[in-house]
Amino acid sequence: MAAIEKDFRRSVVYQIYVKSFCDSDGDGVGDLPGITGKLDYLARLGVDYLWLTPFYPSPQRDGGYDISDYRAVDPVYGTMDDFDELVAQAHKREIGIMLDMVLCHTSCDHEWFQRALAGDERYRAYYILRDGRGSSGPGDPGQPPTNWDCAFGGSAWKWEPRLGKWYLHLHDVSQPDLDWTNPEVREACADVVRFWKERGVDGFRFDVVNLISKPEVFEDDLSGQGRSLFADGPHVHEYLRELVARAGIDGMMTVGEMASTTLENCVRYTRPEDHELSMSFSFHHLKVDYAAGKKWELAEPDIGQLRSIFRTWQEGMQAGGGWNALFWDNHDQPRAVTRFGGRAGVGERGGSWERVGKMLAVCDFLMKGTPYVYQGDELGMVNPGYDSIEQFRDVESRNYYQIMLEMGKGPAEALHVVNERSRDNGRTPMQWSSAPAAGFTSGEPWIGIPASARLVNAEAEVGVEGSMFEFYRSLVKLRHASDVIATGEVRFLDAGEEAPKVIAYERTLGDERLVVACSFADAPCRLADLGVEKYEVVLGNYDDAPAPGALRPYEAVVWRS
Ligand code: NOJ
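What you are looking at is a predicted structure, and each value in this text was computed from that prediction instead of being measured.

Criteria and thresholds
Residues numbered from 1 in each chain as written. Predicted model: local features only at pLDDT ≥ 70, side-chain atom pairs only at ≥ 80, totals over all residues. Heavy atoms only, no water. Helix = DSSP H or I, 4+ residues; strand = E, 2+ residues; numbered from the N terminus. 1 Å grid on protein atoms, 1.4 Å probe; cavity = no way out; pocket = protein on both sides within 12 Å on 5 of 7 lines; lining within 4 Å. Points joined across faces, edges and corners; volume = space filled by probe spheres on them. Near = heavy atom within 4 Å. Polar contact = N/O pair within 3.5 Å; in protein donor to acceptor, adjacent residues only side chain to side chain. Areas by Shrake-Rupley, 256 points an atom, 1.4 Å probe, with all protein chains shown as cover. Sits in = over half its atoms within 2 Å of the grid points. Nonpolar A, V, L, I, M, F, W, Y, C, P; charged D, E, K, R; others polar. Expected span 1.5 Å × (residues − 1). Buried < 20%, exposed > 50% of the residue type's maximum accessible area, 1.4 Å probe, protein only. Contact = heavy atoms within 4.5 Å. Salt bridge = Lys/Arg side-chain N within 4 Å of Asp/Glu carboxyl O.

Participant: So what's going on with unusual backbone geometry? Which residues, and what values?
Facilitator: Phi at D232 is positive, roughly 50°, even though this residue is not glycine. Relative to the helices and strands, D232 is located in the loop between β7 (203-206) and α7 (236-247).

Participant: Which residues make up empty space enclosed by the protein, and what are the values?
Facilitator: Across all of its chains, the model carries three cavities of 30 Å³ or more by this definition. Of the pockets and cavities examined, the largest cavity occupies roughly 160 Å³. Lining the largest cavity are 15 residues, and of these S282, H285, F310, N324 and A325 lie nearest its centre. For the lining of the largest cavity, the secondary structure elements donating two or more residues are β9 (279-281), α9 (303-320) and β12 (325-326). For the lining of the largest cavity, the element with the most residues is α9, which contributes four residues.

Participant: Break down the site of the ligand for me, with residues and values.
Facilitator: Taken together, 13 residues sit near the ligand, with D62, D207, H331, D332 and R423 positioned nearest. Side-chain polar atom of D62 to an oxygen atom of the ligand: 2.5 Å apart, as the coordinates give it. H105 is positioned such that a nitrogen or oxygen atom in its side chain is 2.9 Å from an oxygen atom of the ligand. Within the complex, the protein chains bury 97% of what would otherwise be the 290 Å² of accessible surface of the ligand. Spatially, the ligand is embedded in the largest pocket. In terms of residue class, the shell around the ligand is built from three nonpolar, three polar and seven charged.

Participant: Report on helix α3 (residues 80-92), specifying residues and quantitative values.
Facilitator: Every α-helical turn comprises 3.6 residues, leaving residues that sit three or four positions apart pointing alike. Between its first and last C-alpha, α3 extends 18 Å over 13 residues, near the 18 Å set by a 1.5 Å rise per residue. Residues of α3 that are buried include every one of M80, F83, L86, V87, Q89, A90 and H91, and no others. Check the buried side of α3 and you find it contacts α1 (32-36), α2 (39-45), β2 (49-52), β3 (96-101) and α6 (183-198). Positive backbone phi, approximately 65°, marks E94, located one or two places after α3.

Participant: Help me get a handle on the pattern of salt bridges, residues and values and all.
Facilitator: Going through the model one piece at a time under the given rule, you end up with 44 salt bridges. With a shortest N-O distance of 2.9 Å, E187 and R194 are connected by a salt bridge. Residue R421 is joined to D289 by a salt bridge in which the shortest nitrogen-to-oxygen separation is 3.6 Å. Pair noted here: R421 is in helix α13 (residues 411-421) and D289 is in the loop between β9 and β10 (290-291), with a separation of 132 residues, a long-range link. Looking at R421, the relative accessible area reads 4%, which means it is buried. Taking relative accessible area as the criterion, D289 reaches 4% and is therefore assigned buried. One connected set of salt bridges, linked through shared partners, spans D62, K295, D332, D394, E396, R423 and R427.

Structure representation (structure tokens):
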């Protein structure tokens, strides 16, 4: 069946965390047939592409981003036949499938690393191996080659006696980084992409792809740059162009996950004339509640900062001819409704969570770029609020809990921080119904179901007027139908001094002008003149019309000229 090729500027992507979407065989883990069984639900929502997180064989040290075989389906998720069936059934519904390509690192269990461990020189050259500092010779590890930290806590280097070297792992210790300076590695990675393209997929998401080109010289991080030290490295654009050309995916729907990146680089990653990717994810807007930029230190979201980041990226990508992927949530993020919605009424019928969820959706969907709906966003799913650290599964959360204890936090405080920041917040099972295990599985789910599933679930929302699901559905339709949203200019507006927690922008195309105002405040506020006096209201998240010149708590309004 021919691949799905849609205009990405008009498309909406839906992200599926396969492990938590739908379990068809009762083993407590989501799987590919589970997704196939829910395609009608996704078609009803109206989305154009599904991005599937990794379902390849993996020891699951990092939720499947530690891949031991790039060209197979892990039996826990099904078979290759199940995969082909999913693609065919999705295509019948005009839905494209995007796969996650994790090519910055492999799992230690991957054959390449195993061969390296066995002493095969060819495969040793696939990884980044170094001698220790102060080593007296072979067999003496000395100290790690640099002071770099990995993303999940602790050194980014591991001494491996079988290699007689330290290997670099920017993520978990079980995820050795591939050496992209080796042309054979680059060809092998292109071959993986080609393999899935030939199998009939319609697009790709590239995991931490701006970390593939490491610094020329490995030196200590003395200025506290952290991950930006490895981001957007010296050859990254060249490697990406080469990958795209070799795999034959230029013009396909592609998105790169860019860690600690810059606007200038994202313009280059996504300008069509550079033949790299269709669009990029950046994360600066999801750090506005990090105290002093530190993920594990809590702060209230700084909405002024959020506005300024959106403005920079929206107007900057537009000026440079690049393209943004728009999102609040994914499998690495706490739920935005909890994060930006205060704590009041989260998950309760009639509580502010519905208003907040709709406001966030409007804010995201009407910006310039391609919106990504993360599974459960369309239902208004919230953080689970677990009672003990034992309920968390994620390696990063467990590591940082320990690190926080070692640094002197008490267990209750450390648990509170993990509950706010854990990636597991986004990994709880999809809430299909109020049945046991939220209708996700007939067995024991691999991770606990949030109590909110009783109220926040698909059964309670699909076809119900005014529900979050129906609201999202109307936004998807709007996105498909509106030229001004898909292609119009974007410009941020000043909502005035009395509206410090309002984000406002306009979209224009020819004579048409849309104005969007979203309040992140839990109290009413007055708006500066946005020039909408004679406009009609086309969308809002309250049942009744907005008051002129004001917004109610968490209100979102869209006016049209
Ligand atoms: C980003 C993925 O989204 C995340 O889940 C993973 O841990 C890292 N990349 C490493 O692959």
